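What the coordinates show
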Amino acid sequence: MVIVNKSRVHHLEVRCCDCPNAMSLDIQIPKTVFTFRVLDDFLLDNLECGTSAMNYYSKLQRMTSSMFPHLVLVMPYLLHLLDMILTKHVAKDRYRELMRVARQWRQLKIMKWHGFGHRSDTPSTGELALFCPACPQPGINVLLLGNESLDE
């Protein structure tokens, strides 16, 4: 299993349950796991510094192996060597997975911030929008007289 943390990309061997009623191996052991810490750090870097997912993942690879970041293990060592010998490619990175998980993480955070974390109903149009003080808000920053509307 590949575990991507804020400090580096880890590879750990994980044993699965062999019980008769256990779920299948592909459900028990995901191939890649991103910690909450790395997802929060990526969102903050992306928001404040404009760091792209590609640059952030390159930073994680360099933190894992500063001499050979392109050889960061993302699969078991023997399979990695066999893959490199047969296909003459470097290690598969987890850039696409980071992009997908970061989008899902951002959506979950937005849902939580707007109070949809513990409800089963889905938000309707506009319920996840942030309040904008510069936009005209009747009764807040715009005075409407009588039968006027914002369209006029």
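Residues numbered from 1 in each chain as written. Predicted model: local features only at pLDDT ≥ 70, side-chain atom pairs only at ≥ 80, totals over all residues. Heavy atoms only, no water.

Things to note about the overall build of the chain
Assigned secondary structure in the chain consists of 5 helices and 3 strands. Starting at the N terminus and ending at the C terminus, the chain contains elements arranged as β-β-α-β-α-α-α-α. Per-residue burial for the chain yields a buried fraction of 22% across its 152 residues. Considering only intrachain contacts with a sequence separation of at least 6, the fraction spanning at least 24 residues in the chain is 49%. Accessible surface for the chain amounts to roughly 11500 Å². Of this, 60% is attributable to carbon and sulfur atoms. (Helix = DSSP H or I, 4+ residues; strand = E, 2+ residues; numbered from the N terminus. Buried < 20%, exposed > 50% of the residue type's maximum accessible area, 1.4 Å probe, protein only. Contact = heavy atoms within 4.5 Å. Areas by Shrake-Rupley, 256 points an atom, 1.4 Å probe, with all protein chains shown as cover.)

Digging into the nonpolar core
Counting residues in hydrophobic clusters, the biggest one holds 16 residues, and the most contacted among them are Val4, Phe34, Val38, Leu39, Leu60 and Leu98. Those elements that provide at least two residues to this core are strand 1 (2-4), helix 2 (36-48), helix 3 (53-64) and helix 5 (95-113). Among residues more than four places away in sequence, those in contact with Val4 are Val9, Thr32, Val33, Phe34, Thr35, Val38 and Leu60. (Core = buried A, V, L, I, M, F, W, Y, C linked by side-chain atoms within 4.5 Å.)

Describing the pattern of salt bridges
For the structure on display, the rule yields 4 salt bridges. Taken together, the shared-partner salt bridges in this structure form one network comprising Lys6, Asp41, Asp45 and Lys59. (Salt bridge = Lys/Arg side-chain N within 4 Å of Asp/Glu carboxyl O.)

Some points on the sheet that holds strand 3 (residues 32-34)
If you walk across this open sheet you meet the 3 strands as 2-1-3, and the pairing is mixed. Looking at which strands have only one partner, the edges of the open sheet turn out to be strand 2 (9-11) and strand 3. Taking each pair of neighbouring strands and ignoring which way they run, the sheet shows an average axis angle of 20 degrees. Note: strand 1 against strand 3, 3 bridges, orientation parallel. (Pairing = 2+ DSSP bridges. Axes fitted to C-alpha atoms, helices over the stretch in contact; angles between N-to-C directions.)

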